[in-house]
Amino acid sequence: MRRVPILFLLGLQAMGAGSAFAQATPFNMAPGGSSAPKTSPAPVPNQAAPSTPFDMRQPGSPPAAAPVARPSDTQPVPPVGTAAPFGMGPRNAAAPAGSVGSTPPPARAPVAMNAPAARSAARIERPILPFETLRFEGETDARSWTFHLTQDEAASGTTLSMGYKNAVVVMPEGSRLRITINGESVLDTPISSSNDIKRVTASIRQGLLRPGQNIIRMEALQRHRTDCTVAATYELWTDVDSASTRLIFAEGATKTLRGLDDLPAVGVDTAGVTTIRVVAPKIYRPEIRDRLLRLVQAVALRGRYAHPVIQVMESDPGPSPVGTIKVAMGLAGELRGLVPGIPDAATTQPLTMMMQEPGSIGSTLVVAGPTWQDLDTAIGIVRVQGMNPLNVERGMVDTASWHWPEVPTAFGDQSFRFANLGVPTQEFSGRRLKADFAINLPPDFYATEYGEAVLHLDAAYTSAVRPGSHVNVFVNDMISTQMTITTQGDIVRRHSVRVPLKNFKSGLNRVTIEAALMTDADARCAPGETLSETNRFVLFDTTTLEFPNFGRIGRLPDLAVLGAGRFSDEDLPTTVVLARPDALNLSAAGTLLARMARNAGQPVRAQFANAASAEDESVLFIGAVDQIPPGMLNRVRVTEHLRMMWPSTPVAGNKASPQTASADFTMPLSEASPDRATTASTDEVRRRWSDTFQRRGIIQQTVGAVQDWLEKTFSLSLSSLRLEERTDAPYEPPQRASLLMAQSRTEDAGVWTLITARTDRALADEMARLANPMLWSQVSGRAIALEPREMKLQIEPISDYRFVQTQPPSLTNLRLVAANWMSANILQYALVMLACCTFLGVATALLLSRLGRRS
C-alpha cells in the first residue's frame, strides 16, 4: 500500500505520578479525510537521570532563582480522561484545551505529583521582554514588539506584572511609565523607584488579548528633579527588570500548543532567549546532522523567535523550562527508546506531531518517520509552513518579536514616511525629544562614500525655543547631520535635511532624530520648571526619509552579507564544516544557521561535510581553536599566535569584580603598575610630555596639522592617497575576546569563513550570545571579535576585496558604483581626471593644428 504523508497533532495529558499516558487520536490530514487508527503510547519507562544540559544564557544574565516568587519547577496535572485530538490547521479550529502545569524556574525543587495544594495553586507565568535588559533613556523613549499567545492563554484572565528601577535624579511627580497592549492602555504608573526594583501589577481586560500576535508598547516620560539643561537629560534612565516583567494567567489556565501555528507562543525566558532543544539519536551520523541543521532553521522561522538558541542533546533532558521548545527528531524506531510517548503511527508513515510534556507546560514537537525519506517528508511539513515568501519579496525584515513595526528594506529611489516606520506625531514639552526607527539596506549596498539621503522634516516649534537649538540625526549611534534653528517660532514643512550615507551599512540601521531645545525659562530653571507641560515642539508623522538610487555590488570578503542571513554566492551552496560532530559544535552551528535564517526570512542554502575539499569554493568552518586544522588561520588571515594566546589567557567568569568589567578600564595604581611603589612627581610628568613634543620637529608638526585639517575638512587621510594595492594584515583579536569570526576571499569567486572560540563549550555559549539581534545586526567587516559581557563588537574593516556582480548589468548602476569607488580612492580618481584632461588637451591641439587658422 502506498503511504501518504500525514500531519498529526496530538495532545497527551499526564495522569499523575507513575501513571501511563492517556490515549489520543491523531488527526489525519491526508486527502480523503480518513482518520488514522488510534494509538496507545506506552507508559513512560523508568530512565536514568538525564544529563544536565549546558547553560546557553548570556554572561551576566540573572540567576535562575529570580527575586520574584514563582511556581515550582514541575507542577502536577489534574487527572483527565482521554485527550481529544487537535489539528495543525487554522487557529480558529475548535479543539478542547488540555490541562498542564506551571512555568518552571530551573533552580526550584520539584513538587510531588500527588500534592493537592500544589494543584490548586498552579499558575502559568510568561516573561515577555525580548531582551535581558530594557533601558529607557532621556526624557522620552519607547519600545514596541509583539508576543504570541495560545487560545487557552488568550481566553483566561491575565495580569501584567512589571518590575523597574530608575535613576535617582528622575522626578516621580513628572515621570510616567506607560504600557499599552493592542492599542489599549493597561498600565500608567509614576516612575518612583531609585533604591530597588519596584513591582507593579495591572489587570488586563478580558478580551483584549487575542490568540496569536499581540502588540505591546512600553513608553517612558522622564523629567529631571533639579536640572533644566539639555545635558542633564542624559542622566535620566529607567531599567525594566526582565525577571519580574511577565504575564500571569489565572489559576486553572492551560497552555496547549495545538500545532505549528502555536510555535511562536513558546515565548522567551528571563534573558529574552527562546531555546530549541533538539533530542536526536546518534547525532554523529551525517544523516542526522544534515537533517537536524535544516530542521532547526525551519522551527526558528515558523516560531519567529527574536533570539533563537539551539541545544542539541542525545538524551531526553526532562521537562522544558519556560521559553523552551523540545524537538524530538529521528527515525521512529530509534526515538521510541529516547522520548516517551511516540505513537505507533510513526513506524509506518511520516509524522509531525505536537505532544504535551507530562508535569510541565512545555511541549515536544515530534518529527519522525520509519525511513530517511519519510523523515525528510516530515521536516518538509515544518519547512514549507515556516517560510514567508511574501516578506522576502517585499523586502520586509521580520523583526516583530523584538522591534515593531517590521523593518522595510530600501532598494533605492524610495521614500519612507515616519507613520509607517513606527514614529507617531509627538507634541513635546521637554528639552530633548528623541525618536528612532530602523531601516534595512540590501547586502550589496555600496554607496557609503558619496551618497546622501534626504530627510523631509515636518515639525513646528514655539517662540519660546531660542535660536541655537538644533535637530540632530544619528545613524547607528554616530551623528550624521544637524539642522540649526535660527528663528523664534515657525512651522517647518518639507524642510530638506541631507543625511550622508557614510554611516549606513548593509543590514539593519538604526536612525535617531533628536531635537535639543533651549529656552529662557530653562536658563532660569525656577523651582518646578521641569514640571511644565507647555508644549514647545511637535514632530509630525508626515516626515519622510528619502533614499536616492545607490550603487549595488557585492564585495568579497564582507561579513555583512553573512549578517543579512546569506552566503556570498547564492548560486552555489556553501559547505558547512564542523570540527567535531558532537553536541556542542552542532549547537553552535544550529544557532548560527537559525539566526541567519531568521534574518533572511528563509532557510540558508548550505551543504554539510566532515571536511573541506579542494572543490569547495566557499567554506564555513565552525570549531574551537584547538580543533582548527593547520593552515586555516592563515587562510582567513588571522594570526597563528591565536593558538597560543587563547589557551594561555583564559577569560574571567561572569562573576568578575566590577572593577575589571568597568567601561573605563580603570584600576588601582598597585595593579596598573606593580613595579612602581610610588607615583611620578608632577615635574617628571610635565618633563616627559614636553620631551615628547620637542622630539617632533617643525616639519612633523606642520605635516600633522595639515593631516588634521584635511581629515576634518574633506575627510581625507594619507591612507586614502595611496596607489599600491591594499592588503589585509593578519588580524589579531583582543586577548579578552571570547569568540572570533573572520572571512577571506579565495582566488576564485568564493570565501572562507571561520567561527571559533577558546573551547567547544565557549563556542556554543558565545554563539548563543552573538545571536542576540542587537549584537548580530553589528556584524560587518572582514573580522569581528566578541568580548565577555560586552554588547558591542570589535570590527576589522575591509581593505583588500573583490567586487562581485549582484545586479543585471546597467550603465546607471555602473556609474553609481564607479562614483563610490572613486570617492574612496581619491588619488586614483585624480590621476584618471588628469589623464582625461591631458588626452583632451592633446586631441584639441591636434585638431586645431589641422583645421585651425593661425592668427
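Look above for the structure.
The shown structure was predicted, so the numbers you read here are calculated from the model rather than taken from an experiment. (Residues numbered from 1 in each chain as written. Predicted model: local features only at pLDDT ≥ 70, side-chain atom pairs only at ≥ 80, totals over all residues. Heavy atoms only, no water.)

1. Notes on the nonpolar core
Selection criterion: Residues enter a nonpolar core if they are buried and are Ala, Val, Leu, Ile, Met, Phe, Trp, Tyr or Cys, with the set joined through side-chain atoms within 4.5 Å. Exposure classes here rest on a 1.4 Å probe applied to the protein chains alone. A residue is buried below 20% of its type maximum, exposed above 50%, and partly exposed in between. Helix and strand definitions follow DSSP, with helices as H or I runs of at least four residues and strands as E runs of at least two, each counted in order from the N terminus. Only heavy atoms enter the contact rule, under which two residues are in contact if any of them lie within 4.5 Å.
Ranked by internal contacts, the top residues of the largest apolar core, which has 60 residues, are Ile276, Leu292, Ile325, Ile622, Met741 and Leu770. At 8 residues, the largest contribution of residues to this core is made by helix H3 (residues 286-303). Once residues lying within four places of it in the same chain are set aside, the contact partners of isoleucine 325 are Leu257, Leu263, Val266, Thr275, Ile276, Arg277, Tyr305, Met354, Ser363 and Leu365. Membership of the second largest hydrophobic core comes to 41 residues, among which are Ala167, Leu208, Met218 and Leu508.

2. Thoughts on the packing of helix H9 (residues 583-600) against helix H15 (residues 760-770)
Counted only if it meets this: With axes taken as lines fitted to C-alpha atoms, and helix axes fitted only over the stretch in contact, angles between N-to-C directions fall between 0 and 180 degrees. What sets the label is the angle itself: under 35 degrees gives roughly parallel, over 145 gives roughly antiparallel, 65 to 115 gives roughly perpendicular, and the rest give oblique. By the definition used in this description, the sense in which the near helix is turned from the far one sets the handedness, with an anticlockwise turn below a right angle giving left-handed and a clockwise turn giving right-handed. Amino acids are sorted into nonpolar (Ala, Val, Leu, Ile, Met, Phe, Trp, Tyr, Cys and Pro), charged (Asp, Glu, Lys and Arg) and polar (every other residue, Gly among them).
Look at H9 against H15: their axes get within 8 Å of each other, and the N-to-C directions meet at 20°. On the basis of their axis angle, the class for H9 and H15 is roughly parallel. The interaxial crossing formed by H9 with H15 has left-handed handedness. Along its contact with H9, which presents Leu584, Asn585, Ser587, Ala588, Thr591 and Leu592, the element H15 presents Asp760, Arg761, Leu763, Ala764, Met767 and Ala768. Across the contact of H9 with H15, the residue classes tally to 7 nonpolar, 3 polar and 2 charged.

3. Quick look at the pattern of salt bridges
A side chain of one charge can pair with a side chain of the opposite charge when the charged atoms of the two come close. To be explicit about the condition: Here a salt bridge means any side-chain nitrogen of Lys or Arg lying within 4 Å of a carboxyl oxygen belonging to Asp or Glu.
All told, the structure shown has 36 salt bridges when counted by the stated rule. In this structure, aspartate 520 and arginine 466 form a salt bridge, with 3.5 Å as the shortest nitrogen-oxygen distance. Taken together, the positions of aspartate 520 in helix H7 (residues 520-524) and arginine 466 in the loop between strand S18 (452-461) and strand S19 (470-475) put the pair 54 residues apart, joining distant regions of the chain. For arginine 536, the salt bridge goes to aspartate 522, with nearest N and O atoms at 2.7 Å. Here aspartate 522 lies in helix H7 and arginine 536 lies in the loop between H7 and strand S23 (537-539), a separation of 14 residues in the sequence. Using a relative accessible area of 6% as the deciding quantity, one classes aspartate 522 as buried. One salt-bridge network, in which partners are shared between bridges, spans Glu139, Arg223, Arg431, Asp522 and Arg536.

4. A few points about the side chain of threonine 574
As for its position among the elements, threonine 574 is in strand S26 (residues 574-578). In this structure threonine 574 comes out as buried when scored by relative accessible area, which is 4%. Every residue in contact with threonine 574, bar those within four places of it in the chain, is listed here: Phe567, Arg605, Ala606, Gln607, Ser618, Val619 and Leu620.

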